[in-house]
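Observations on the model geometry
In case you want the letters, here they are:
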Amino acid sequence: MTDPELIEGILRRDRNAFQYLVNQYQKPVIKTACYFVGSMEDAEDLSQEIFLEIIRSINSFKNNSSLSTWIYRITINKSLNMARKQQRHGIMLRVESLFGHRQGQKEGFSHEPSTCLSDLDEKEKRKLLHEAIGRLPENQRIAFVLCKFDDQSYKQIAEIMKIGLPAVESLIHRARLNLQKYLTPQFSEYKTS
Amino acid sequence: MDCKHFRNNIFAYQEGLLSAEDLRLAENHLLSCKACEKILADVRVVDEMIHVEKTLEPAPFTSTRILQRIDNEFSETRKPPVITLVRILQPVTLALALVCGILIGSYTARKDSPPAKQASNSTEKLEFLRANLFITDFADEDKNPVTNK
Ligand SMILES: [Zn+2]
């Protein structure tokens, strides 16, 4: 099914088109959302909203970008909204814990600088990686996730983010550097020594 | 290549993006510098974490769940008339079949019970009704029907 056929089908509310849309984009949508909302489970739930939004707003799709670029933009916007909500909720929890309403809420990054990454099991490593990605500034996070987890080219990322190629390159480099600093705090010392 | 130069290019080195000449210089530096070798090990651990993370897939049946949600949301607008007709006809046919079953069942039961064969006059008919409908308290006039009305 070509993009115009798919768009036409979605406009007609044709179930075959819906099925094709989901089969084609389910994985990139969920895998992208995952690094903004923090877990695969939340991303799977959010993906339902994302696909509904794609279908509802297909009227507003303009042919000046590819369908995939447009879908990525919706995915990122929806995911960022969800992440901001989670963040606000997190801040509320921390405020509450400050006033003693809640106990045992972990604040900020859970990685102890003394912990050696190689000593952690896969689950702990994944959690840390997600936390570290979650700490990246939004633009760095978008560029990095699209590049590393969705295999998008710099050109595609530039299109999705509506920025130039050098900016993409710089964002990805800074994101990688920051990740390294978060995950191996001794890295900052190395860099300056 | 000195430590500063190597560390500035460490990601490019790890991703194989260095020119042949820079690669040779970097490898020479690594042979003689334990500190940079340690940093490179850290970079590789994080790269490995990214690599493992990348292989993870959404849970199976996620697409089914998404499609179900889409069906729920857009069911009225998308269903062709044939499907709607089938949805109406199905319960109607079932109900008809059920009624037919009950009628045939009760007819067979009556046929098998002895009073049905004998019911020739009105008293016998009443007995038959009593037996079949489980009515025990008829009025007297029903027991002795007045014929001269
Ligand atoms: Zn060195």
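Taken together, D121, E122 and E124 of chain A together with E48 of chain B make up a surface patch of like negative charges. Looking at D121 of chain A, the relative accessible area reads 42%, which means it is partly exposed.

Let us look at the coordination of the zinc ion. Residue and element names in this part refer to chain B. Around the zinc ion, the protein contributes the donor atoms C3 (SG), H29 (NE2), C33 (SG) and C36 (SG), which lie 2.1 to 2.3 Å from the metal centre. One way to put it: the 4 donor atoms around the zinc ion meet at angles of 98 to 118°, and that makes the site tetrahedral. Classification of C36 by relative accessible area gives buried; the value is 0%.

Glancing now at the pattern of salt bridges. Summed over all chains, the structure comprises 17 salt bridges over all chains. K34 of chain B serves as the salt-bridge partner of E37 of chain B, at 3.5 Å between the closest nitrogen and oxygen. Placement of both E37 of chain B and K34 of chain B in helix α4 (residues 34–54) is noted, with a separation of 3 residues, approximately one turn of the helix. Classification of E37 of chain B as partly exposed rests on a relative accessible area of 39%. Overall, K34 of chain B belongs to the exposed group, its relative accessible area being 66%. Residues K38 of chain B and D42 of chain B are paired through a salt bridge, measuring 3.4 Å at the closest nitrogen-oxygen approach. With K38 of chain B and D42 of chain B both in helix α4 and 4 residues apart, the pair spans about one turn of that helix. Residue K38 of chain B is classed as partly exposed on the basis of its relative accessible area, which comes to 41%. Residues joined in a network through salt bridges with shared partners are E8, R12 and D14 of chain A.

Before going further, it helps to spend a moment on the layout of surface pockets. A water-sized probe, rolled over the atoms, reveals where empty space remains. Residues and elements named next belong to chain A. Each pocket or cavity is described by its volume, and for the second largest pocket that value is around 230 Å³. Residue contributions to the lining of the second largest pocket peak at 4 residues, all from helix α8 (residues 165–183). Here the residues of the lining of the second largest pocket sort into 7 nonpolar, 3 polar and 4 charged.

We now examine the side chain of R141 of chain A. Residues and elements named next belong to chain A. Within the secondary structure layout, R141 lies in helix α6 (residues 138–148). Although R141 is buried, it makes no salt bridge; E138 carries the closest opposite charge, 5.1 Å away. Within the structure, the side chain of R141 is placed 3.5 Å from the backbone oxygen of I133, a separation counted as a polar contact. Filtering out sequence-adjacent residues up to four positions away, R141 remains in contact with Y35, F36, A83, I133, G134 and L136.

Reading the values: rules and limits
- Residues numbered from 1 in each chain as written.
- Chains lettered and ligands numbered in written order.
- Predicted model: local features only at pLDDT ≥ 70, side-chain atom pairs only at ≥ 80, totals over all residues.
- Heavy atoms only, no water.
- Patch = residues over 30% accessible without salt bridge, like charges linked within 9 Å, V, L, I, M, F, W, Y side chains within 5 Å.
- Areas by Shrake-Rupley, 256 points an atom, 1.4 Å probe, with all protein chains shown as cover.
- Salt bridge = Lys/Arg side-chain N within 4 Å of Asp/Glu carboxyl O.
- Lys, Arg positive; Asp, Glu negative; His and termini not counted.
- Charge placed at Lys NZ, Arg CZ, Asp CG, Glu CD.
- Buried < 20%, exposed > 50% of the residue type's maximum accessible area, 1.4 Å probe, protein only.
- Donors = N, O, S within 2.8 Å, 3.2 Å for Na, K, Ca; no water.
- Tetrahedral: all angles 85-135°; square planar, octahedral: opposite > 155°, others 65-115°.
- Helix = DSSP H or I, 4+ residues; strand = E, 2+ residues; numbered from the N terminus.
- 1 Å grid on protein atoms, 1.4 Å probe; cavity = no way out; pocket = protein on both sides within 12 Å on 5 of 7 lines; lining within 4 Å.
- Points joined across faces, edges and corners; volume = space filled by probe spheres on them.
- Nonpolar A, V, L, I, M, F, W, Y, C, P; charged D, E, K, R; others polar.
- Polar contact = N/O pair within 3.5 Å; in protein donor to acceptor, adjacent residues only side chain to side chain.
- Contact = heavy atoms within 4.5 Å.

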